[in-house]
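Observations on the model geometry
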Amino acid sequence: MSATGIGAAVRRKEDQRFITGTGNYTSDISRPGELRAYFVRSPHAHATIKKVDTKAAEKMPGVAAVLTGADLANDKIGGLICGWAITSKDGTPMKMGAHPAIAADKVRCVGDAVAVVLAETLRQARDAAEAVEVDYGVLPSVVDPAKAAAKGAPQIHDVAPNNMIYDWHLGDKAATDAAFASAKHVTKLDIINNRLVPNAMEPRAAIAEYDQGNDALTLWNTSQNPHVARLVISAFVGMAPEHKLRVIAPDVGGGFGSKIFIYPEEVVALWAARRVKRPVKWVSDRSEAFLTDAHGRDHVTHAELAIDANNKITGLRVHTIANIGAYMSTFSSSVPTYLYATLLSGQYAIPAIYAEVDAVYTNTAPVDAYRGAGRPEATFVVERLVEVAARELGLDPAEFRRKNFVKSFPHQTPVIMTYDAGDYDASLTKAMDLIDYKNFGKRKAESEKHGKLRGIGFSTYIEACGIAPSQAVGSLGAGVGLWESAEVRVNPTGSIEILTGSHSHGQGHETTFAQLVSDRLGVPIETVSVVHGDTDKVQFGMGTYGSRSGAVGMSAIVKALDKIEAKAKKVAGYMMEASGDDIEFKDGKFTVKGTDKSVGWGDVTLNAYIAHKFTGGQLEPGLKEGAFYDPTNFTFPAGCHIAEVEIDPETGKTTIAKWVAVDDFGNIINPMIVEGQVHGGIAQGVGQAMLEGASYNSDGQLVTGSFMDYAMPRAADLPSFKVDTTVTPCPSNPLGIKGCGEAGAIASPAALINAITNAVGHENVPMPATPSTVWKAAQGGMKKAAE
Amino acid sequence: MSNVTVTVNGKSHTVDVAPETLLVELIREKLRLTGTHVGCDTSQCGACVVHVDGVAVKSCTMLAMTADGASVTTIEGLANGSALHPMQEAFREHHGLQCGFCTPGMIMSAVDIVNRKGSDLDEHTIRDELEGNICRCTGYHNIVKAVAAGAKAMKGGAKPARAAE
Amino acid sequence: MALEMSGEYDLPQKREIVWKALNDPAMLEKCIPGCETLEKLSDTEFQATVKLSIGPVSARFKGKVKLEDIDAPNGYKIVGEGEGGVAGFAKGQASVALADEGEGCKLTYKAEAATGGKIAQLGQRLISGSAKKTADRFFENFVEALKEYR
Ligand code: FES
Ligand code: FES
C-alpha cells in the first residue's frame, strides 16, 4: 500500500482551505449589484390567504420589489414536485397536491412563504417584510400523523381525501398471516420514530443571477446534487431550458439529505433575479431552517414478530403511518416505502414479511430523506423487536440474533432485496470482544454498588446503499436513473482533473477520489484534482446521498480510468514502436512486454497531445475519457453496534459508558475518513435516541424551533467511540466498496434504546430518551421488579 | 451611521456602520472575511467565534460599535503567514473536520480553551469547554483528539505529532 | 388553545363601578400591558396596538379587542387577537366574572392564550411565564387604577 493509495489514511486535501477560513460557501459569495431577499412566512399552520397587501412595503427604503404567489402564478412558474411515483394497494397513483414556491391561495404549514421582499440590504428587506399585510382565514390544522386520516380531520390538499397520499404494501400477506397463526411466540411493539430536524450547520442559501444578453441564469446553491436541481427547475418548474441554466454548488456545509431536495427559495431567487434583472441573494437564518428544511423520520408503527418453537423467526408484520408534512418533498414518497420496507428483513433469514405503509399529509414542514432515510426506521423496528423477543423468551440477545442470521449469500429476502455478501457472525463476535461482553455482569454489579443501573444493547443492522441500479429503481417508480458519471482529463504535463457527478459536502472526495487515481496511475496525489458541483464543468451527475459516492461515483471513475489506460498504452506503443497490446502499465511506467524499453507517465501524456508519433491516422490526439457507471445491485453494508449505558435512577440521567461499532463496509479507500463518517453517524443516531425531537403543538406551531429548544448533540453529550471493521468485499462493483455514510445513524438508535431498556427493565422508553422519560421508565421498572 | 475603528488580523480598518450592525456582519460583509460563519440566530452554535483582544467571543452577539478600538483575530489571521497555527494543523492531522463549516469557530474556541486552561487538557475538560460550539458532522470524537494534540503542540511551540495510523 | 391561566382579585370598589371600569376604553388602554392605542369601533369592539416582547422577539401587534357574552354587571368575555408581522400572531381571551364581596367585589378570571409564528418558535419556553405575567400585570394595573376610579 502506498502512502497515498487505496487503504491509506491520507490527510484531506480540502482541509487547507477550511482550517484557514478560505472555503467558499454559498453565503460567502457576493455578486455585484445584488439584492437581498427576505421571505414573509405564514405564522399559521393552515389558513386561506384572503389578501396580501404589499403597497406599504414597496414604499419602504431600499425596496426594489415585493413579490407574491399571484405574481409567480402570473409568470407561469410551475410548482415543486416529488419525483418518485408510489402506487397504492388498489393500483391508484399517489395523490400529490400542488406545491407552489410561494403560496397564493392557502398556506399549509407555519413557515409557508406568502411573499418575498427584495431590497438593497438584508435589514431593509426584513423591515419591509414587517409592512407586508396578509389577511388570513385561519383553518383548523392537524399535526399528528396518527390523526391526519381520521374522520373530520382538516383537509389539507383537495386531491388527497382524508389527507391520504397512498396506502402501500409490500410482501406476502397470506404467508405472513400463516406464520403468525402457527407461531409459538409473538412479540408486539408500538413504536414512534421521532421527527428530526437535520440541521446541517450551514443554513441553506441561494444566489441567482440573470445574464440578459444570453438570456441565461446562474444559481449558486447549497445542494448535494446540482444537476438534479437543474433538471427539476428546468423540466418541472419550467424556469429556463437546461442549457440556459447553470447550477453551482460550491463548498457545502453538511447536508445529511436535507440538501438533496429542490426548495422554493431557490426557485424564487431565480425567478426574481430575472424579473428585476439584478442578482438576488437569499440566506436562510436558523429559525427559517427549522421551519422550512425538510425534516426526517416521523413514523408511527405497530410491529409484530412471529417465532417458532426452535426460536427461529418465522414472520414479521409491520404497519406504519408516515408523516409526509404539508407538501411532498422531492424524494419523500420513496423514504417510507422502498427505502424502508425493503430493509425489514434486517440481518435475518425471515421467510415471510408483510408491511403496510400509509403516507399522510399534515400541517407540518415537509418530511424527506435524512441520513439513513427509511433504513434507520427499519432497523429500529427490527432491532427493537428482536431484542425484546429475546428478553421475553429468556434468551441471550446476541445468541438469538446469531441463530437467525442470514448465513449464505446471495440471499433473497421476501422484500425485494438480494443481499450479495456479508458475514454477520464476524462483526457481532468482534464487537462483543471489543466491548468485553463476557464481563458485562461484573460491570453491572459494580454499577449497582453505586446505586446505578447498567444496561447493554445490540443493534445488528443492515442497509442498502450504493443507490442504485437504474433499471431496478425505475421499476419501483423512481423518476430518475441512479447511475453516476465521471470524466478524467489528463493534461499534457501529466496532471489530472477528475470531473465527477458526486458532490462532496464533508465526505472528503477531493482526497479519496484522488487516492484512487494516484493508486491506479502511480502518480503523486498532488497532481490530481477533483472537480465537482458545477453543471457547466461536469456534464451530468446524480449527486451524493444514500452512501453512493464510493460505490457508484468511484466506480464510474474506475471505468473512465480503464479507458485512459487503454488509450495511454496505445500512445506509448507509438512512442516505442510497439503494439498497444504489448504494453504493460505499472507504477506510472509503460513497458514493452518482455523488454526493458519503457516510457514514463509524463512522456506519454505529452505525446498524447503533441501527437508527433501517431502514424497512420488511427489514433485521436488528446487524453480525456468519460464514463457512466450504473450499478448492478445495491450494496449491503452491515455490522454490529453495542452500547453500554449507566443510568442514575434518581435523576434519569443516562451516561454512555461504552460504544463499540464494528462495520463491514467492504473495501476501504481511506480508513480515517470512514471512521469519521461512522463517528458522525453515531452522533446523529444518539441525538435521535436521547436528545432530539421536533415537536409541534396542537395549533401547528413548531415549539422546538431553535437550538435553545431543539437539543443538538454537543461534545459533552457523547463519549469517544471504539470503531472497527470486518471486510467482505462487495461483489457488485469493481472496487468492492459498500459505503459508510449512513451506517452510524442507522445502527445507533436501536443500540442505545436497547441498552436503556435493558438497564431500567422496562420496554416503554420512547425517543428521545430524555432524563424525565428514563426516570419514569426506571421507576416503572423498579415497580415491576418488586412485584 | 457612525465610525468604528477595529484592528482585524493586524490591520486597522475604519468603517461606517449602522448602530445595530453586529461584529460578525462587519467582519463578513464589510471586510469580506468570510471564514467566520453564521450558523444560528440564538448565539448557540459558535460558528462565529473570533478573538476580541485575545478572548473568544461569539461575534453574532456583539455589536460592531462595542468593538471600537479593539483588536480582533479571525480564523484568517491565526496562521503565521504560510505556517499554520498548531491548532489548525492538529485539526487536519486528526481529521477534526468534515464539511468545515463549524471549523473556524471550533479552532478559535480551542485556542481560547488552551489560553485559559493550559495545554494539558483531558477529554472531559475539552468536551465541557466545547459546550458553546456545535458540530453536526464529526460526532466530536476527532475534534476532541485534535484539541488535545493542538494544545500540546501550542505549548511545545512545535507542530503536533503525526497521529498513529 | 395552548395555554390556560386563572386567578382572582379582591377589588376595593362596588361591583357596578368595577363593571363600568371594565367597559371603559380609557381604563382598558391604561391597563393592558404594552397598549399603545385603543380606539373604540363600537360599544363592544376596539382597535388596539400592543407592544409585546417574549424572549428574543419583540413586536407591535395590531388587532381587535372584542367584548362578548356580556352579562352586566356580572361579567363578560374579553377576546383579543393581533398580528405582529414577521413576529407572528398572539391571541387570547379571558372570561371575567364579578361577585359582591363585603364592601367591594371579587373578580375571577379564566384566560387562554396562544401565539404563532416566530414568537411561538423562539419564545416557546418563555411563553407561559410571559402570558401569566401579562395577565397578572393587567389585573394589577386594574386594581391600582380602580382606586381613583369613579
Ligand atoms: S452564529 Fe454565533 S453562535 Fe451561532
Ligand atoms: S465539520 Fe461540519 S459541522 Fe463540524
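Residues numbered from 1 in each chain as written. Chains lettered and ligands numbered in written order. Predicted model: local features only at pLDDT ≥ 70, side-chain atom pairs only at ≥ 80, totals over all residues. Heavy atoms only, no water.

1. A word on the overall build of chain A
Helix and strand counts for chain A come out as 20 helices and 28 strands. Here chain A holds 787 residues, and 65% of them are scored as buried. Expressed as a percentage of contacts within chain A between residues at least 6 apart in sequence, the contacts between residues at least 24 apart total 80%. Distance from the positive charge centre (77 side chains) to the negative charge centre (88 side chains) of chain A: 1 Å. (Helix = DSSP H or I, 4+ residues; strand = E, 2+ residues; numbered from the N terminus. Buried < 20%, exposed > 50% of the residue type's maximum accessible area, 1.4 Å probe, protein only. Contact = heavy atoms within 4.5 Å. Lys, Arg positive; Asp, Glu negative; His and termini not counted. Charge placed at Lys NZ, Arg CZ, Asp CG, Glu CD.)

2. Thoughts on helix H1 (residues 15–22) of chain C
Listed as buried for H1(C) are Arg15(C), Val18(C), Trp19(C), Ala21(C) and Leu22(C). Seen along its axis, H1(C) keeps its buried residues to an arc of 160°; they face one direction. (Arc of directions from axis to C-beta.)

3. A short note on the domain arrangement of chain B
Residue and element names in this part refer to chain B. Taken domain by domain, chain B consists of domain 1 (2–77) and domain 2 (86–155). A separation of 21 Å is found between the C-alpha centroids of domain 1 and domain 2. Contacts between the two partners involve 17 residues from domain 1, matched on the other side by 14 residues from domain 2. Buried area between domain 1 and domain 2, both sides added, is near 1200 Å², and the carbon and sulfur share of it is 61%. Where domain 1 meets domain 2, there are zero salt bridges. (Domains from an automatic or database assignment. Buried area = accessible area lost by both parts, 1.4 Å probe. Salt bridge = Lys/Arg side-chain N within 4 Å of Asp/Glu carboxyl O.)

4. Some details on the pairing of strand E3 (residues 45–54) of chain C
Two strands pair when backbone bridges link them, and strand E2 (residues 35–40) of chain C and E3(C) are joined in this way by five bridges, in the antiparallel orientation. Residue pairing in the sheet places Thr37(C) in a bridge with Thr49(C) of E3(C). (Pairing = 2+ DSSP bridges.)

5. Regarding the domain arrangement of chain A
Residues and elements named next belong to chain A. Split by domain assignment, chain A resolves into domain 1 (31–139 + 202–253 + 259–292), domain 2 (141–194 + 295–396), domain 3 (420–471 + 634–787) and domain 4 (483–629). The C-alpha-based centres of domain 1 and domain 2 are spaced at 33 Å. On the side of domain 2, 35 residues touch domain 1, which itself brings 26 residues to the contact. Across the interface of domain 1 and domain 2, roughly 2700 Å² is buried in total on both sides, 61% from carbon and sulfur atoms. Between the two partners, domain 1 and domain 2, sit one salt bridge. Classifying every residue of the side of domain 1 that touches domain 2 by side-chain character gives 15 nonpolar, six polar and five charged. (Nonpolar A, V, L, I, M, F, W, Y, C, P; charged D, E, K, R; others polar.)

6. Re the sheet that holds strand E24 (residues 598–600) of chain A
Either a parallel or an antiparallel arrangement is found when strands of a sheet pair, and the pairing is made through backbone hydrogen bonds. Residue and element names in this part refer to chain A. The strand order E22-E23-E24 describes an open sheet built from three strands, whose pairing is antiparallel. Looking at which strands have only one partner, the edges of the open sheet turn out to be strand E22 (583–586) and E24. When the angles between neighbouring strand axes are averaged without regard to direction, this sheet yields 20°. (Axes fitted to C-alpha atoms, helices over the stretch in contact; angles between N-to-C directions.)

7. Description of the sheet that holds strand E11 (residues 245–248) of chain A
Residues and elements named next belong to chain A. Overall, mixed pairing links the seven strands, which are arranged E3-E5-E1-E12-E9-E10-E11 in an open sheet. Bordering the open sheet on either side are strand E3 (63–68) and E11, each of which pairs with just one other strand. Taking the axes of each pair of neighbouring strands and ignoring which way they run, one obtains an average angle of 20° across the sheet. Note that strand E9 (residues 205–211) and strand E12 (residues 280–283) share four bridges and pair antiparallel. Each residue of the ladder has a partner; that of Ala206, found in E12, is Trp282.

8. A look at the packing of helix H16 (residues 549–576) of chain A against helix H17 (residues 601–610) of chain A
When two helices pack together, their arrangement is given by the angle between the helix axes and the distance between those axes. Residues and elements named next belong to chain A. Contact pair H16 / H17: the axes reach a minimum separation of 9 Å and the direction vectors enclose 85°. Looking at the two axes, H16 sits roughly perpendicular to H17. Touching Ile564, Ala568, Val571, Ala572 and Met575 of H16 are Trp601, Asp603, Val604, Asn607 and Ala608, all from H17. Split into classes, the residues belonging to the contact of H16 with H17 amount to eight nonpolar, one polar and one charged. (Parallel < 35°, antiparallel > 145°, perpendicular 65-115°, else oblique.)

9. Overview of the pattern of salt bridges
Per the counting criterion, the structure on display carries 63 salt bridges over all chains. Lys106(C) is the partner of Glu101(C) in a salt bridge, and the nearest nitrogen-oxygen pair spans 3.6 Å. Here the salt bridges do not stand alone but share partners, grouping Glu383(A), Arg384(A), Glu387(A), Arg391(A), Arg401(A) and Glu763(A) into one network.

10. Examining the confidence of the model for chain B
The pLDDT averaged across chain B works out to 93; a share of 95% of its residues lies at or above 70. Predicted confidence for residues 158–165 of chain B stays below pLDDT 50, and this span has 18 contacts to residues more than four positions away or in other chains. (pLDDT = per-residue confidence, 0-100.)

11. Quick look at the interface of chain A and chain B
Between chain A and chain B, the contact holds 55 residues from the first and 50 residues from the second. Both faces combined, the contact of chain A with chain B buries some 4300 Å², and carbon together with sulfur accounts for 52% of it. For the chain A face of the interface with chain B, the top three residues by lost area are Arg11(A), Ile19(A) and Met201(A), together amounting to 18%. The interface formed by chain A and chain B includes five salt bridges. Here Glu692(A) ties to Arg136(B) by a salt bridge, and the two come within 2.8 Å at their closest N and O atoms. Scanning the region where chain A abuts chain B turns up 31 residue pairs in polar contact (both at pLDDT 80 or more). Of all the elements in the fold, those that place two or more residues in the side of chain A that touches chain B are helix H1 (15–19), helix H9 (286–292) and helix H18 (671–691) of chain A. Looking at the side of chain A that touches chain B, the element that brings in the most residues is H18(A), giving eight residues. (Polar contact = N/O pair within 3.5 Å; in protein donor to acceptor, adjacent residues only side chain to side chain.)

12. Focus on the packing of aromatic side chains
All names here are of chain A. Summed over all chains, the structure comprises 25 aromatic pairs over all chains. Note on Phe290 and Phe707: the rings are 5.7 Å apart at their centroids and 75° apart in plane angle, and the pair reads as edge-to-face. Of this pair, Phe290 sits in helix H9 while Phe707 sits in the loop between H18 and strand E28 (722–725), and the two are 417 residues apart along the sequence. Residue Phe290 shares its accessibility class with Phe707, and that shared class is buried. For the cation-ring pair, Arg204 lies above Tyr263, with the distance from its terminal atom to the ring centre recorded as 3.6 Å. Stacked on the ring of Phe180, the Lys or Arg Arg317 has its end atom at 4.0 Å from the ring centre. (Phe/Tyr/Trp six-rings, centres within 6.5 Å; stacked < 30°, edge-to-face > 60°. Lys NZ or Arg CZ within 6 Å of the ring centre and 35° of its normal.)

13. Some remarks on unusual backbone geometry
Of note, the bond from Met767(A) into Pro768(A) is cis; its omega dihedral lies within 30 degrees of zero at -5°. Along the polypeptide, Pro768(A) turns up in the loop between helix H19 (743–760) and helix H20 (771–786). Residues Ala72(C) and Pro73(C) are joined by a peptide bond in cis, for which omega reads -10°. With respect to the element layout, Pro73(C) can be found in the loop between strand E4 (57–71) and strand E5 (75–83). At Asn162(A), a residue that is not glycine, the phi angle is positive and equals roughly 55°.

14. Some points on the pairing of strand E8 (residues 185–193) of chain A
Residue and element names in this part refer to chain A. The alternating pattern of E8 places His185, Thr187, Leu189, Ile191 and Asn193 on a buried face and Val186, Lys188, Asp190 and Ile192 on a face that is not buried. Bridging between E8 and strand E13 (residues 299–307) involves nine bridges; their strand directions are antiparallel. By the bridge assignment for E13, His185 is matched with Ile307.

15. Considering the environment of Thr500(A)
All names here are of chain A. Here Thr500 is to be found in strand E20 (residues 496–500). Overall, the relative accessible area of 1% leaves Thr500 in the buried class. The spatial distance from the C-alpha of Thr500 to the C-alpha of Ile557 is 7.8 Å, given a sequence separation of 57 residues. Ignoring any residue separated from it by four or fewer positions in sequence, one finds Thr500 in contact with Ser485, Phe513, Val530, Val531, His532 and Val538.

16. Brief notes about the environment of Glu4(C)
All names here are of chain C. Considering the arrangement of structural elements, one finds Glu4 in strand E1 (residues 3–11). For the pair Glu4 and Glu112, spaced 108 residues apart in sequence, the C-alpha to C-alpha distance is 4.4 Å. When sequence neighbours within four positions are dropped, the list of residues in contact with Glu4 reads Ala111 and Glu112.

17. Things to note about helix H3 (residues 103–117) of chain B
Residues lying three or four places apart along an α-helix face the same way, a consequence of the helix completing one turn every 3.6 residues. Residue and element names in this part refer to chain B. Helix length check: H3 (15 residues) gives 20 Å between terminal C-alpha atoms against 21 Å at 1.5 Å per residue, within 8%. Among the 15 residues in H3, twelve count as buried, and that is most of the element. All of the buried residues in H3 are Thr103, Pro104, Gly105, Met106, Ile107, Met108, Ser109, Ala110, Val111, Asp112, Ile113 and Val114. Directly after H3, the chain includes Gly118, whose backbone phi takes a positive value near 85°. (Expected span 1.5 Å × (residues − 1).)

18. A few points about the state of the cysteines
Counted by the stated rule, this structure contains zero disulfides over all chains. Distance from the sulfur of Cys465(A), which forms no disulfide, to the nearest cysteine sulfur (Cys740(A)) is 9.0 Å. Free of any disulfide, Cys31(C) has its nearest neighbouring cysteine sulfur in Cys35(C), separated by 9.7 Å. (Disulfide = S-S within 2.5 Å.)

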